[in-house]
Amino acid sequence: MQKEQRIKYYSINNYECIPQVRLLSDELKYAINVVGKVLPFRINNYVVDELIDWTKVPDDPMFKLSFLQRDFLSPEQFKSVENAIKRKARTAEFKYLINQIRLQLNPHPSGQLEHNTPTLEGIPIPGIQHKYQETVLVFPAAGQTCFTYCTFCFRWPQFTGDNSLKFASKQSPSFFEYIRKHKEVTDVLITGGDPMVMNFRRIESIIRPLLGVGFEHIQNIRIGSKVLSLWPYRFISDQDADNYLKLFEDVNRSGKHLAFMAHFNHWKELNTEATRKAVQRILSTGTNIRCQSPMLKHINDDAGIWKKMWQTQVQLGMIPYYMFIERDTGPKAYFETPLVKAFEIFRDAYQDVSGLARTVRGPSMSATPGKITIEGIDEIAGEKVIQLKFLQSRTPDWCNKIFFAQYDERACWFDELVPAFGKKEFFFESNAFKPLSSKRKRLDVTPASLSY
């Protein structure tokens, strides 16, 4: 086996000891330190040494994916934190300020707390989400961290240290009992954070029981992870590398399908020798690797980047799966791309690749009622409209259903769209899933009055 590589983590408290950080201006470091009071920060030596091109900082996409930026906060939010630091605000006052800003950043978008937490005999089960009838998401407590915190991540509240913002399962028997009793569930998605931060015994304790008696209805086991781009040595030289691969092989030999849901945000993440070797080792177990990413301004809002990324994924034996729209949470204002532009980028990249890469779907929004894709821009009966479709929904009857919104070149999320043809509501709307009225029209308001 290859010599073990040792991972080293850096946080907001010690990142300035990274040798390359000496290249950063004092202004950049100051901004990182201020924003780091609100949003989580973590990076590891693989990202620092093998992904970031330090000659192109601060414009390098891997740098922007990993390091906090001043514009992640509104000018008002940044100033309020800065002032509190300068006047050495009392701990309780400072904590209150930070919590208020985090709440302004919409920590739980798309009804995660209100609609997705299931119950067993009337008792809520922590650490599980059941939004779509066939799929249960599991958030194991030991997997609620990551190898590096992506700056755009919609699960950023998991990493703030505030337990009130976390989803976490202590893996009580009720977790398995819920899945055992719900025969409509065919898919279990293990997510986080990043479940691949867990040691082998922990992840085996979640997966292995699903191969046994009582779980015959479970057909697919998915692992959502960014490990292939942030620490590929997990499958090459880490202590349990071969054990993870043996477990993957056992899942596929059991008659169930294992899908590794990999997150790649730029083709640069696919170019290291370690990532390519890790990919091949996983594929050798019979596991499929499906690739997904959000559209991110400053990172990949260019058709050429997506074209190259999809082509490289196919070349390596992976399956392009989803282009997402950046969720309306955290520093979305920095990363968001208008829906019309996102569709145009998707269309231009999609038209320029072969059929093998056209497995990808998008641009898709994981909104409160379901996964909604932008299918096109049309003119119908003299009205310019955005054509939308449910790929997945809380109500199965909605799947694959086409509907229309008024054309809006500024809208960046579903709840900013207005129904077309003079309708007051979209066909599926009810009190439970109404978009926020404050966003239904594009009003000119101050950032402090909006949840991103």
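Residues numbered from 1 in each chain as written. Predicted model: local features only at pLDDT ≥ 70, side-chain atom pairs only at ≥ 80, totals over all residues. Heavy atoms only, no water.

J.: Looking at this structure, I do not really get the overall build of the chain. What am I missing?
T.: Counting its regular elements, the chain contains 14 helices and 15 strands. Here the chain, with 452 residues, has 56% of them falling under the buried criterion. Long-range pairs, those at least 24 residues apart, make up 72% of the contacts in the chain between residues at least 6 apart in sequence. Carbon and sulfur atoms make up 48% of the accessible area of the chain, which totals about 19,600 Å². (Helix = DSSP H or I, 4+ residues; strand = E, 2+ residues; numbered from the N terminus. Buried < 20%, exposed > 50% of the residue type's maximum accessible area, 1.4 Å probe, protein only. Contact = heavy atoms within 4.5 Å. Areas by Shrake-Rupley, 256 points an atom, 1.4 Å probe, with all protein chains shown as cover.)

J.: Looking at this model, I keep getting lost on helix 5 (residues 91-104). Mind explaining?
T.: The α-helix winds at 3.6 residues per turn, so residues separated by three or four positions along the chain end up facing the same way. When the terminal C-alpha atoms of helix 5 are compared, their 20 Å separation across 14 residues agrees well with the 20 Å that a helix rising 1.5 Å per residue should span. In the segment just after helix 5, Asn-106 is the residue with positive phi, at about 50°. (Expected span 1.5 Å × (residues − 1).)

J.: How should I be thinking about the pairing of strand 6 (residues 135-138) in this particular structure?
T.: Along any regular strand the residues' side chains alternate between the sheet's two faces. Side chains Thr-135 and Leu-137 project from strand 6 onto one buried face, and the interleaved Val-136 and Val-138 project onto a second face that is buried too. Looking at chain direction, strand 5 (residues 128-132) and strand 6 are connected through three bridges and run antiparallel. Bridge pairing in strand 6 links Tyr-132 to Thr-135. Hairpin remark: strand 5 followed by strand 6, antiparallel, with two residues in the connecting loop. Pairing of strand 6 with strand 7 (residues 187-190), which is carried by four bridges, proceeds in the parallel orientation. Counterpart to Val-138 in the pairing with strand 7 is Ile-190. (Pairing = 2+ DSSP bridges.)

J.: Just to check I follow, could you spell out the sheet that holds strand 15 (residues 402-406) for this structure?
T.: Backbone-to-backbone hydrogen bonds join strands into a sheet, with any given pair of strands oriented parallel or antiparallel. As summarised here, the arrangement of the eleven strands in space is 5-6-7-8-9-10-11-12-13-14-15, forming an open sheet in which the pairing is mixed. Among the strands making up the open sheet, the edge pair consists of strand 5 and strand 15. Between one strand axis and the next, the sheet turns by 30° as a mean value, whatever way the strands run. Bridge analysis of strand 12 (residues 361-367) against strand 13 (residues 370-380) gives four bridges, and the strand direction is antiparallel. Bridge pairing links Ser-364 to Thr-373 in strand 13. (Axes fitted to C-alpha atoms, helices over the stretch in contact; angles between N-to-C directions.)

J.: Quick question: what am I supposed to make of the confidence of the model for the chain here?
T.: For the chain, per-residue confidence averages 89 on the pLDDT scale, and 90% of positions sit at 70 or higher. Below pLDDT 50 for its whole length, residues 440-452 participates in 36 contacts with residues either more than four positions away or in separate chains. (pLDDT = per-residue confidence, 0-100.)

J.: Help me out: how do you make sense of the side chain of Lys-268 in this one?
T.: In this structure, Lys-268 sits in the loop between strand 9 (257-263) and helix 11 (273-283). A relative accessible area of 18% places Lys-268 in the buried class. Setting aside chain neighbours within four positions, we find Lys-268 in contact with Leu-51, Asp-53, Asp-60, Pro-61 and Met-62.

J.: Just checking my understanding: could you explain the nonpolar core for this structure?
T.: When a protein is soluble and globular, its nonpolar side chains tend to lie buried together. Residues Phe-67, Leu-228, Phe-235, Phe-260 and Phe-414 are the most contacted members of the largest nonpolar core, which totals 128 residues. Sort the elements by how many residues they give to this core and helix 14 (residues 339-350) lands first, with seven residues. In terms of nonpolar packing, the next biggest core, distinct from the first, is built from eight residues, Phe-139, Leu-189, Ala-259 and Tyr-321 among them. (Core = buried A, V, L, I, M, F, W, Y, C linked by side-chain atoms within 4.5 Å.)

J.: Before we go on, may I ask you to explain the pairing of strand 14 (residues 383-393) in this structure?
T.: Judged by how many residues are buried, strand 14 sits mostly within the fold: eight of eleven residues are covered. Bridging between strand 13 and strand 14 involves ten bridges; their strand directions are antiparallel. Along strand 14, the bridge assignment pairs Glu-379 with Lys-384. Linking strand 13 back to strand 14 in an antiparallel pair, the connection comprises two residues, with Ala-381 at a positive phi of about 55°. As paired elements, strand 14 and strand 15 share five bridges and run antiparallel to each other. When the bridges of strand 15 are listed, Val-385 appears paired with Gln-406.

J.: Help me understand the pattern of salt bridges in this model?
T.: A side chain with one charge can pair with a side chain of the opposite charge if their charged atoms come near. Scanning the entire structure with this criterion turns up 21 salt bridges. Salt-bridge contacts for Glu-204 lead to Arg-208; the nearest nitrogen and oxygen are separated by 2.9 Å. On the accessibility criterion, Arg-208 (33% relative accessible area) is partly exposed. Measuring nitrogen to oxygen at the nearest pair gives 2.8 Å for the salt bridge that ties Arg-281 to Asp-242. (Salt bridge = Lys/Arg side-chain N within 4 Å of Asp/Glu carboxyl O.)

J.: Before we go on, may I ask you to explain unusual backbone geometry in this structure?
T.: Where the residue is not glycine, phi is negative for most of them; where a peptide bond is considered, it is trans in most cases. Between Val-57 and Pro-58 the backbone carries a cis peptide bond, its omega angle lying at 10°. Tracing the chain through its elements places Pro-58 in the loop between helix 2 (45-51) and helix 3 (61-66). Residue Pro-363 follows Gly-362 across a cis peptide bond; omega there is -10°. Residue position: Pro-363 is located in strand 12. Residue Lys-88 is not a glycine yet carries a positive backbone phi of 50°. By secondary structure assignment, the location of Lys-88 is in the loop between helix 4 (75-86) and helix 5. Judged by its relative accessible area of 73%, Lys-88 is exposed. One non-glycine residue, Asn-400, adopts positive backbone phi at about 75°. As for its placement among the helices and strands, Asn-400 is situated in the loop between strand 14 and strand 15.

J.: Just checking my understanding: could you explain the packing of aromatic side chains for this structure?
T.: The geometry of an aromatic ring pair is captured by the separation of the ring centres together with the interplanar angle, meaning the angle of the planes. A full pass over the atoms with the stated rule returns 40 aromatic pairs. With centroids separated by 4.7 Å and ring planes inclined at 25°, the aromatic side chains of Tyr-322 and Phe-324 adopt a geometry described as stacked. Exposure remark for Tyr-322: the relative accessible area of 6% places this residue in the buried category. Considering the side-chain rings of Phe-390 and Phe-427, the 6.1 Å spacing of their centres and the 90° angle between planes classify their relative orientation as edge-to-face. Of the two residues, Phe-390 is situated in strand 14 and Phe-427 in the segment after strand 15; the sequence distance between them amounts to 37 residues. By relative accessible area, Phe-427 is classed as partly exposed at 37%. Three or more aromatic residues link up through ring pairs in this structure, and these residues are Phe-390, Trp-398, Phe-403, Phe-414, Phe-426, Phe-427 and Phe-428. (Phe/Tyr/Trp six-rings, centres within 6.5 Å; stacked < 30°, edge-to-face > 60°.)

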